[in-house]
Amino acid sequence: MYASFLSIGAYVPKKCLTNNDLEKMVDTSDEWIVQRTGIKNRHIADDDEVTSDLAYKASEVAISRAGIKKEEIDVIICATISPDYLCMPSTACIIADKLGIKNIPAFDISAACSGFVYGLNMAKAFIESKIYKNILVIGAEKLSAITDYTDRGTCILFGDGAGAAIIGSTDDKSKSILDIHISSDGKYGDLLITPAGGVKNPSSLETVENRLSFMKMKGNDVFKIAVRTLTKDVKDILAKNSLTGDDIDLFIPHQANYRIIESVRNKLKFDPNKTVLTVQKYGNTSAASIPMAMNDWYEKGKLKNGNLMLLDTFGGGFTWGSGLVYFNGK
Ligand code: UT7
């Protein structure tokens, strides 16, 4: 029994935040943003639209494309760093309620941008150990709610959105989630951090005044470690599975920065036509980034049943991960 990637869905909020909009908010320029990041646009959720709403809409699409009934879902895993509530209830429980599903496990995981790949690995383990049959894995973010729109070093990067997948089972290895590797190194925690709001720095007038509940990033340091780690992780997973870049149909990296993606792609000599790029239109949507990118290619007809996807992700924690996944959707 192998885990199998049965469907992908996504939801992109309607409202756009362009580089020209950001030029009016902070000291930046379209030229700088495009040159340093590749980003031209991001989508921003409405004030009354929260992470679970984005996730719910993406999940409806994934469930319908998988051709299963909601009652057949055994577990809901939601990866997010922008949950509806800080502690409880989990966003996954709220999504379950919106979907009209109850009496199954539903929980969030916090692994920043790597969350979706972490979730896939958990789903794989649940299915291969025959504990559950169908798992809804979601990456969903309303990062605009934790972005400081006075900080030009971060506010140009992030956007909102959600992606969701149904993971089921197969006895055909060529339709399976072949391998996933996930990892972390907590010593870099302070390079990408929301300093306040947790028990270490509970929210107070002072933390609000100092804008400490927003994401802070030492971008340049993160950049260098990201390139190194992403490249190594891909080399390792390909070698472990006796595969080369030529065996891969689609390289789907975390969409943080075009320069990071290009740097990793060049080092690995991947074909640009096989490299999925959505950072220019969605920005960095953290845990939603990989499933949104995947959905984009799927809706363009470029992701087909039997395609071997190579996933590669990196984020706060630091966390990272890679995956070799056959797409088994219709
Ligand atoms: O998703 C999790 C992982 N996240 C990432 O992988 C993000 C990684 N980091 C990055 O993508 C890049 O580091 C950034 C896009 C955030 C920054 O690009 P950079 O090339 O590393 O720029 P930098 O931070 O070294 O800053 C260079 C200059 C600085 O000015 P000085 O000190 O040279 O005068 C910054 O103050 O650019 C300045 N700068 C800006 N200028 C115009 C920083 N942000 C901006 C801005 N507009 N938005």
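Going by the structure above, here's the rest.
These notes cover the structure that comes with them. On a predicted model such as this, the values are computed, not experimentally measured, just so you know.

Here is what the cut-offs are and how they apply
- All residue numbers refer to positions counted from 1 along the written sequence of the respective chain.
- With the structure being a predicted model, the display of local features is reserved for residues of pLDDT at least 70 and the display and counting of side-chain atom pairs for 80 or more, all residues being used for whole-chain, interface and lining totals.
- Where side-chain values are given, they derive from all heavy atoms of the structure, hydrogens and water being excluded.
- Pairs were defined over the aromatic rings of Phe, Tyr and Trp, the Trp ring being its six-membered one, requiring ring centres within 6.5 Å. Orientation was assigned from the angle between planes: stacked under 30 degrees, edge-to-face over 60, tilted for the rest.
- Secondary structure elements are taken from DSSP: a helix is a run of H or I of four residues or more, a strand is a run of E of two residues or more, and numbering for both begins at the N terminus.
- A ring is considered to have a charge above it if a Lys NZ or an Arg CZ atom is located within 6 Å of its centre and within 35 degrees of its normal.
- A pairing counts as a salt bridge when a side-chain nitrogen of Lys or Arg comes within 4 Å of a carboxyl oxygen of Asp or Glu.
- In this scheme, a residue with accessible area under 20% of its type's maximum is buried, one over 50% is exposed, and one in between is partly exposed, where area comes from a 1.4 Å probe on protein chains only.
- Axis lines are fitted through C-alpha atoms, for helices just across the contact stretch, and the angle between N-to-C directions can take any value from 0 to 180 degrees.
- To sort the angles, those under 35 degrees are grouped as roughly parallel, those over 145 as roughly antiparallel, those from 65 to 115 as roughly perpendicular, and the leftovers as oblique.
- When the near helix sits turned anticlockwise from the far one by under a right angle, the crossing is termed left-handed; a clockwise turn instead gives a right-handed crossing.
- A contact between two residues is defined here by any heavy atoms of the two lying within 4.5 Å.
- Residue polarity is assigned by list, with Asp, Glu, Lys and Arg as charged and Ala, Val, Leu, Ile, Met, Phe, Trp, Tyr, Cys and Pro as nonpolar; anything else, Gly included, falls into the polar class.
- Definition of a polar contact: a pair of N or O atoms within 3.5 Å, with one able to donate and the other able to accept a hydrogen when the atoms are protein atoms, and with sequence-neighbouring residues admitted only if both atoms are side-chain atoms.

Okay, the packing of aromatic side chains next. If you walk through the whole model with that rule in mind, you get six aromatic pairs. Look at Tyr 188 and Phe 318: their rings are 5.2 Å apart centre to centre, the planes differ by 20°, and that puts the pair in the stacked class. Here Tyr 188 is found in the loop between strand 8 (177-184) and strand 9 (192-193), whereas its partner Phe 318 is found in the loop between strand 12 (308-315) and strand 13 (319-326), with 130 residues between them in sequence. Counting every residue linked through ring pairs, the aromatic cluster contains Phe 5, Tyr 298 and Phe 327. Geometry around Trp 297 places Lys 302 over its ring, the cationic atom sitting 4.2 Å from the centre.

What follows is about the pattern of salt bridges. For the structure on display, the rule yields 14 salt bridges. Where Lys 70 meets Glu 60, a salt bridge forms, and the shortest distance between an N and an O atom there is 3.1 Å. Of the two residues, Lys 70 sits in the loop between helix 3 (51-66) and strand 4 (75-79) while Glu 60 sits in helix 3, which places them ten residues apart along the sequence. A relative accessible area of 24% places Lys 70 in the partly exposed class. On the basis of relative accessible area, Glu 60 is assigned to the partly exposed category, the value being 25%. Across the pair Arg 211 and Asp 148 runs a salt bridge, and its minimum N-O distance is 2.9 Å. Remark: Asp 148 occurs in the loop between strand 6 (135-142) and helix 6 (152-155) and Arg 211 occurs in the loop between helix 7 (205-209) and strand 10 (216-217); sequence separation between them is 63 residues. For Asp 148, a relative accessible area of 4% puts it in the buried group.

Further remarks concern the packing of helix 3 against helix 4 (residues 91-99). Two elements in contact, helix 3 and helix 4, have axes whose closest approach is 9 Å; the angle formed by their N-to-C orientations is 55°. Taken together, the axis directions place helix 3 and helix 4 in an arrangement best described as oblique. Handedness of the crossing formed by helix 3 with helix 4: right-handed. Residue-level contacts link Thr 51, Ser 52, Asp 53, Ala 55, Tyr 56, Ser 59, Glu 60 and Ile 63 of helix 3 to Thr 91, Ile 94, Ile 95, Lys 98 and Leu 99 of helix 4. When the residues that make up the contact of helix 3 with helix 4 are grouped by side-chain class, the tally is six nonpolar, four polar and three charged.

Here we come to helix 9 (residues 258-268). Along helix 9, the positions that sit buried rather than exposed are Ile 260, Ile 261, Glu 262, Val 264, Arg 265 and Leu 268. The elements touched by buried residues of helix 9 are helix 8 (219-240), strand 11 (250-253) and strand 12. One side-chain oxygen at the N-terminal end of helix 9 lies 2.7 Å from the backbone nitrogen of Arg 259; it belongs to Asn 257. Just downstream of helix 9, Lys 269 is the residue with a positive phi angle, here 55°.

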